[in-house]
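An overview of the molecular structure
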Amino acid sequence: MIALALPAQDSGEFTPPGINEMHLPAILPWGAAEGFSKQMLLVLLSVVFIAVFFVLAARKQQLVPGKLQFAGEAAYGFVRNGIAKDIIGGKDFIKYVPLLFSLFFFILVNNIYGAIPFFQLPTFSHVGGAYVLAGIVYFTWIAIGVKKNGLRYFKLATVPSGVPWYILPIVIPIEIISNFLVRPVTHSLRLFATMLAGHLIVMIAGYGIEFLVMQENILLKGSSLLVLAGAIAMYMLEALIMVLQAYVFTLLTAIYIEGALHADSH
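Every value quoted in this text rests on a predicted model; they were computed, and no experiment measured them.

In terms of regular secondary structure, the protein chain is built from 8 helices and 0 strands. Each helix (α) and strand (β) of the protein chain, taken in turn from the N terminus, gives the series α-α-α-α-α-α-α-α. Across the 266 residues that make up the protein chain, the buried fraction comes to 39%. Sequence separation of at least 24 residues holds for 67% of the intrachain contacts in the protein chain that already meet a minimum separation of 6. As displayed, the protein chain has an accessible area near 15000 Å², and 72% of this comes from carbon and sulfur atoms.

Pasting the structure below:
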């Protein structure tokens with residue numbers, strides 16, 4: 001914020017980074033309309049990292065687990081018991097653990113990239129990936145609801161029980177918009193917006209530090225330390241948000257699945 005408030009100085013006017021700086025040039029000129037980018041590479045690497053870690057963690061399967069096996073079991077148990085079982089319920093949860101487990105760690109690794117030197121780019125700061133995941137979840141819970149309740153599911157999802165008939169013309173459109181239009185949009189944009197905003201803030205702080213250090217005025221050079229302190233604080237906050245957003249996305253997925261499974265009791 002100090003850097004943004006500065007007027008033109010000795011080395012020119014401060015120009016904060018924009019979204020274009022986050023769209024890195026293509027690594028290879030093929031693979032998509034804009035080429036094979038760093039974002040695509042990081043997404044593929046995340047699958048490799050996750051697979052390698054859990055394969056190694058599950059390789060020995062000792063009764064008394066080693067450190068790696070313990071970490072893998074704890075990570076799996078967190079999603080299985082802390083999200084799937086607690087939200088969906090003990091009777092139906094187990095079949096949805098693979099989906100929730102995959103979502104949580106896929107999002108977590110792709111978010112954490114933004115806090116790792118060299119990688120330094122949360123892939124979900126680009127909205128396409130968030131849309132794809134939210135779309136998968138959207139069609140999954142609708143399919144679950146239809147499989148469980150048939151086409152009657154759409155009535156259950158849009159006509160709350162106990163509501164007087166004369167209020168239904170107002171309530172039903174609200175429920176349709178809320179459940180089938182707003183829900184998938186907010187599910188994706190929540191992940192995308194937090195990753196984009198956090199990464200931009202850290203980038204602005206970095207640009208601001210460089211700008212202040214380049215000034216001839218000693219006071220301006222010294223103020224770069226304040227920006228650095230703020231950047232470190234934002235970096236730590238962003239790292240926390242990266243983990244929380246993986247949890248929130250997976251938790252909401254479990255809530256949507258639970259709602260589809262038990263629509264007739266809501």
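Right, let's get into the UniProt feature "transmembrane region" (unreviewed entry) in the protein chain. If you check UniProt for "transmembrane region" (unreviewed entry), the listed places come out as residues 40-58, 96-116, 128-146, 153-172, 192-213 and 225-257 in our numbering. The span residues 96-116 is 76% helical and 0% strand by assignment, and the distance between its end C-alpha atoms comes to 31 Å. Its end C-alpha atoms 14 Å apart, residues 153-172 is made of 55% helix and 0% strand.

All right, on to the environment of T250 then. Here T250 lies in helix α8 (residues 218-261). For T250 and L103, which are 147 residues apart along the polypeptide, the C-alpha to C-alpha distance reads 6.3 Å. Those residues in contact with T250, other than ones at most four positions away along the chain, are I83, L100, L103 and F104.

Each value, and the rule that gives it
Residues numbered from 1 in each chain as written. Predicted model: local features only at pLDDT ≥ 70, side-chain atom pairs only at ≥ 80, totals over all residues. Heavy atoms only, no water. Helix = DSSP H or I, 4+ residues; strand = E, 2+ residues; numbered from the N terminus. Buried < 20%, exposed > 50% of the residue type's maximum accessible area, 1.4 Å probe, protein only. Contact = heavy atoms within 4.5 Å. Areas by Shrake-Rupley, 256 points an atom, 1.4 Å probe, with all protein chains shown as cover. UniProt positions renumbered as here; feature names shortened; annotations may be inferred.

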